[in-house]
Amino acid sequence: MALSEIRFHSPQNLAEAFKLLGGLKEARIAAGGTDLLVDMKQGLIEARDIISLHKIEELKEIGKRDKRIRIGAMVTAQEIISSSPINQHIPALADAARSMASCQIRSMATIGGNISSAVPSADLPPALIAADATVELKCSGSSREVSLSKFFTGPRETICRTGELLTFIFVPFPPPNTGISYQKFALREANALAVASVASSLTLKDGKIDRAAIVLGAVAPTPVEALKTSEFLSGKEPSQSLLEDASLMAKEEAKPISDIRGSIWYRKELIPILTRRALTEALLQAQRKSRTRK
Ligand SMILES: Cc1cc2nc3c(=O)[nH]c(=O)nc-3n(C[C@H](O)[C@H](O)[C@H](O)COP(=O)(O)OP(=O)(O)OC[C@H]3O[C@@H](n4cnc5c(N)ncnc54)[C@H](O)[C@@H]3O)c2cc1C
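Residues numbered from 1 in each chain as written. Predicted model: local features only at pLDDT ≥ 70, side-chain atom pairs only at ≥ 80, totals over all residues. Heavy atoms only, no water.

Draft legend 1. Here's a closer look at the sheet that holds strand β11 (residues 178-186). If you trace the four strands from one edge of the open sheet to the other, you get β11-β12-β13-β14, paired in antiparallel fashion. The open sheet has two edge strands, β11 and β14 (224-225), and neither has a second partner. In this structure, β11 lies alongside strand β12 (residues 194-205), joined through nine bridges in antiparallel fashion. Bridge pairing in β12 places alanine 186 opposite alanine 194. (Pairing = 2+ DSSP bridges. Helix = DSSP H or I, 4+ residues; strand = E, 2+ residues; numbered from the N terminus.)

In structure tokens form, the structure reads like this:
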């Protein structure tokens, strides 16, 4: 389809956006456009109508409410990197955003687009899932809040329905003595998607691991919670050998495919290394926090 045939709509607020979405069932939503425009150019998707969210100011805010951080879907990766509440409470999310693409892409790419694209190698979802994030999905008549871990159903597939927008992401303040880490391996330092990634969260209580969460990225059709490994860690006293055992267990929970970035074997070999790094960093952060609370 020629560019001149595409109709571009710029609603000023959510009400206008939902009205447009109600009338234009086939319309595509555009946030930063860094995935959408590439897909259109490659002929992977067609769009006669594009509804851009770039003028909806309420979706560009980061705020604190009820012991949670509320991040608007139109917040960019660059804004995540420089946000004080995010750096204070969930620095791993800022690390994940910092690992994305290049400075030019980071200033356009939004958190809502990164999640909604549902690309298995996306950087923000693993860190957000490890931090127990939820997303608000809204349409003209209703809204629902779902755990981000339940949002993805396959590569480029989500539970978001026609007419719905992902409006906000909520991340709870981590419990006391919690460390969260995001580790990514890519073939270049910039402008490269993850070959594999791991996010982990560890909470310490009375010298033991009270709660562990490990999320694997780019090694399955969706981000994967390594539930068996997380369970294995819970209730145990942390040690280097425990983290080593857990890292090897996590490898068994990855279901990678081979593609241009890496083979199944290569990805499987990366998982224990990234898991060990993520657990070690999360543990150090948690121990530092427990020491400063005493
Ligand atoms: C050169 C290059 C390098 C890249 N490197 C990385 C990288 O290292 N890591 C990484 O994770 N990604 C990377 N990406 C991919 C991309 O930049 C990110 O996924 C980005 O966050 C997408 O956000 P966006 O705002 O541009 O989304 P868009 O392209 O505007 O939208 C993406 C999809 O989500 C839908 N959508 C957007 N917002 C909403 C919403 N609020 N509600 C419902 N649906 C919505 C759109 O309809 C579209 O289908 C790269 C892209 C390029 C071009």
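Draft legend 2. Inspection of the site of the ligand at higher detail. Near the ligand you find 29 residues, and of these Ile29, Gly32, Thr34, Thr110 and Asp123 are the closest. Within the backbone of isoleucine 29, an N or O atom sits 2.5 Å from an oxygen atom of the ligand. Measuring from an oxygen atom of the ligand, one finds a backbone N or O atom of alanine 101 at 2.9 Å. In isolation the ligand offers 990 Å² of accessible surface; the protein chains occlude 87% of this area. When residues of the shell around the ligand are traced back to their parent elements, those giving at least two are β2 (28-30), α7 (111-117) and β10 (165-172). (Near = heavy atom within 4 Å. Polar contact = N/O pair within 3.5 Å; in protein donor to acceptor, adjacent residues only side chain to side chain. Areas by Shrake-Rupley, 256 points an atom, 1.4 Å probe, with all protein chains shown as cover.)

Draft legend 3. Spatial organisation of helix α1 (residues 14-23). Regarding α1, the residues found buried are Leu14, Ala17, Phe18 and Leu21. One side of α1 holds all its buried residues, which, seen down the axis, span an arc of 95°. Summarising the geometry of α1, the exposed residues directed more than 90 degrees from the buried face are Ala15, Lys19 and Gly23. Packed against the buried residues of α1 are β2, β3 (49-52), β6 (134-138) and β10. If you check the start of α1, you find a side-chain oxygen 3.3 Å away from the backbone N of alanine 15, and it comes from asparagine 13. (Buried < 20%, exposed > 50% of the residue type's maximum accessible area, 1.4 Å probe, protein only. Arc of directions from axis to C-beta. Contact = heavy atoms within 4.5 Å.)

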